[in-house]
Amino acid sequence: MQFSLTLALLLCVLPATVYTWNRNCINRPVGFGYRTTGGAGGRTVRPRNINELKNYLRSNQKLIIDLTTTFDFTSSEGWVTSSGCFFQRCGSGFQESLVHAGTCNGRPPTKVKYAKAGVTELIVGSNKSIISSNGRGKIKGKGLRIKNAKNVIIRDITISDINPEVIWAGDALAFDNVVNVWIHRVTFARIGRQHLVTYQRTNKGITVSSCFFDGSTRNAAYCDGNHFWVWLFWGTYDEITLINNYVRNTAGRTPHAGGWSKSRNYVHLVGNTMENNHHGGIEPLTGSYILSEGNKWSRFTHPVNIQAKGGHLAMVNDGHGASACRRYFGGNCLINKYDRVSRSKQWFDESVLNAFSKLDKGAINQARHATCV
């Protein structure tokens, strides 16, 4: 777990590389969520307003829910002003926070105004496909929570503008006791808290592929225009594949995994493009097992958060790490790539490979082979 000064110096002198992102190279669920079929075989419905959408999402029917316009929940439940704090007073583009889970301890108090709709997500039931046949489907001002459910597909939509000024005032997509979920080609933008979060139960068979996580914001935790709260995984048992996603203008949590006594999080981070982060990326904490291979970091100060500890991480940064995978999976892992990265923490914990070898090795190898060139 020491810094590799040789790698750091090498990266500083290499010419800049432009990493391209191919959003369309994956067209089926791969990785841990490969069994997901969503609402296939059910009837197709096109909600006309936010109430119809809400009812379709939580119904017990097998449905394909086609969003063809913007469903704006922002003002649907009114506005609230309550006690909060300034997360940091570092300029005009700061985030405020609601009083919750100690976030405001020791921080300057203030009154915080926010849209009430953002605080609670829309509940999504089993056997649903949420799609947009015309590419115009958007959910604004309110996120989704897949809860006590299985077999859900969400693809080709946008989730955005959930109280971006206020921490604890809304997540974009929450997994809460789920099995078999495929999130594909979804755009996330301007979210107050997490883009993705798993809650403290079991969340298995999840694949997130070819999504755009846009951290660009006028309200950032560090006042630098980059969103901090991106991916938080802390279920009692998570199996998550993150493949071919584009993550831009962030400041942390890509991902934050583990961190409490019952956490057990298996995260396969493969073939993603991470761009522009001057704070920290991967945060392996207690209970986490993260396999990072074939990812590309550009303009990224710390691909691994230098303060993270207690978790297990295998960063495949060289041929030694790649070949170590052969003993566990029958083939080499992919080597991560770096451009304009000032520091890279060398963290290759082989216990991650051993832990992953006890999972669905077919799903792990399938994701690796599906990685976009």
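Residues numbered from 1 in each chain as written. Predicted model: local features only at pLDDT ≥ 70, side-chain atom pairs only at ≥ 80, totals over all residues. Heavy atoms only, no water.

**Describing the nonpolar core**
- Within the largest apolar cluster, 55 residues are counted, with the highest numbers of intra-cluster contacts made by Leu144, Ile146, Ile154, Ile183, Phe188, Leu196 and Trp231.
- Residues within four places of Ile154 in sequence aside, it is in contact with Ile130, Leu144, Ile146, Leu173, Trp182, Ile183, His184 and Val186.
- Among the nonpolar cores identified, the runner-up in size contains 19 residues, and Tyr289, Leu291, Val352 and Leu353 belong to it. (Core = buried A, V, L, I, M, F, W, Y, C linked by side-chain atoms within 4.5 Å. Buried < 20%, exposed > 50% of the residue type's maximum accessible area, 1.4 Å probe, protein only. Contact = heavy atoms within 4.5 Å.)

**A few points about the sheet that holds strand β6 (residues 109–115)**
- Taken together, four strands build an open sheet; the order of strands is β6-β4-β5-β12 and the sheet is mixed. The sheet is open, and its two borders are formed by β6 and β12 (166–167), each paired with just one other strand.
- The sheet contact formed by strand β4 (residues 79–86) and β6 spans seven bridges and is antiparallel. From the neighbouring strand, Val80 faces β6, where its bridge partner is Tyr114. (Pairing = 2+ DSSP bridges. Helix = DSSP H or I, 4+ residues; strand = E, 2+ residues; numbered from the N terminus.)

**Thoughts on the environment of Val197**
- Tracing the backbone through its elements, the reader meets Val197 in strand β15 (residues 196–198).
- A sequence separation of 68 residues divides Val197 from Ser129, and the C-alpha atoms of the two residues are 20 Å apart.
- Val197 has contacts with Asp171, Leu173, Ala174, Phe175, Leu232 and Trp234, leaving out every residue within four places of it along the chain.

**Brief notes about the pairing of strand β26 (residues 296–300)**
- Within β26, four of the five residues are buried, which leaves it mostly tucked inside the rest of the structure.
- Relative to β26, strand β23 (residues 273–277) runs parallel, the two sharing four bridges. Bridging across to β26, Thr273 finds its partner in Lys296.
- One ladder, built from three bridges, connects β26 with strand β28 (residues 337–339); its direction is parallel. The partner of Ser298 across the bridge, within β28, is Asp339.

**A few points about the sheet that holds β26**
- Spatially, β3-β9-β11-β14-β17-β20-β23-β26-β28 is the arrangement adopted by the nine strands of the open sheet, whose pairing is parallel. Only two strands of the sheet have a single partner each, and these edge strands are β3 (70–72) and β28. Mean inter-strand twist for the sheet, computed between neighbouring axes without regard to direction, equals 10 degrees.
- Across three bridges, the pairing between β3 and strand β9 (residues 138–140) is parallel. Looking at β9, one finds that Asp72 is bridged to Lys140. (Axes fitted to C-alpha atoms, helices over the stretch in contact; angles between N-to-C directions.)

**Focus on unusual backbone geometry**
- Note the cis peptide between Thr254 and Pro255, where omega equals -5 degrees.
- Unlike most non-glycine residues, Asp161 shows phi in positive territory, near 55 degrees.
- Along the chain, Asp161 turns up in strand β11 (residues 158–162).
- Of note, the phi angle at Arg299 is positive, near 50 degrees, even though the residue is not glycine.
- In this fold, Arg299 is placed in strand β26.

**Things to note about the confidence of the model for the protein**
- When pLDDT is averaged along the protein, the result is 94; 95% of the residues meet or exceed 70.
- Counted against residues more than four places away or in other chains, residues 1–15, with its pLDDT under 50, gives 18 contacts. (pLDDT = per-residue confidence, 0-100.)

**Quick word on the state of the cysteines**
- Taken as a whole and judged by the stated rule, the model has four disulfides.
- One disulfide bridge connects Cys25 with Cys372, the sulfur atoms lying 1.6 Å from each other. Taking the sign of the S-S torsion, 40 degrees for the link of Cys25 and Cys372, the bridge is right-handed. Of this pair, Cys25 sits in the loop between α1 (5–13) and β1 (43–45) while Cys372 sits in the segment after α6 (361–370); the two residues are 347 residues apart in sequence, bridging distant segments of the chain. (Disulfide = S-S within 2.5 Å.)

**Topic: the packing of aromatic side chains**
- Scanning the entire structure with this criterion turns up 14 aromatic pairs.
- Here a set of aromatic residues connected by ring pairs shows up, and it is made of Phe32, Tyr237, Tyr266, Tyr289 and Phe356.
- Here the basic side chain of Lys113 rests over the ring of Trp79, its NZ or CZ set 5.7 Å away from the ring centre. (Phe/Tyr/Trp six-rings, centres within 6.5 Å; stacked < 30°, edge-to-face > 60°. Lys NZ or Arg CZ within 6 Å of the ring centre and 35° of its normal.)

**Regarding the UniProt feature "domain: Pectate lyase" (unreviewed entry) in the protein**
- UniProt annotation of "domain: Pectate lyase" (unreviewed entry) refers to residues 95–306 when read in the numbering used here.
- Counted over residues 95–306, helix gives 0% and strand 51%. Its end C-alpha atoms are 23 Å apart. (UniProt positions renumbered as here; feature names shortened; annotations may be inferred.)

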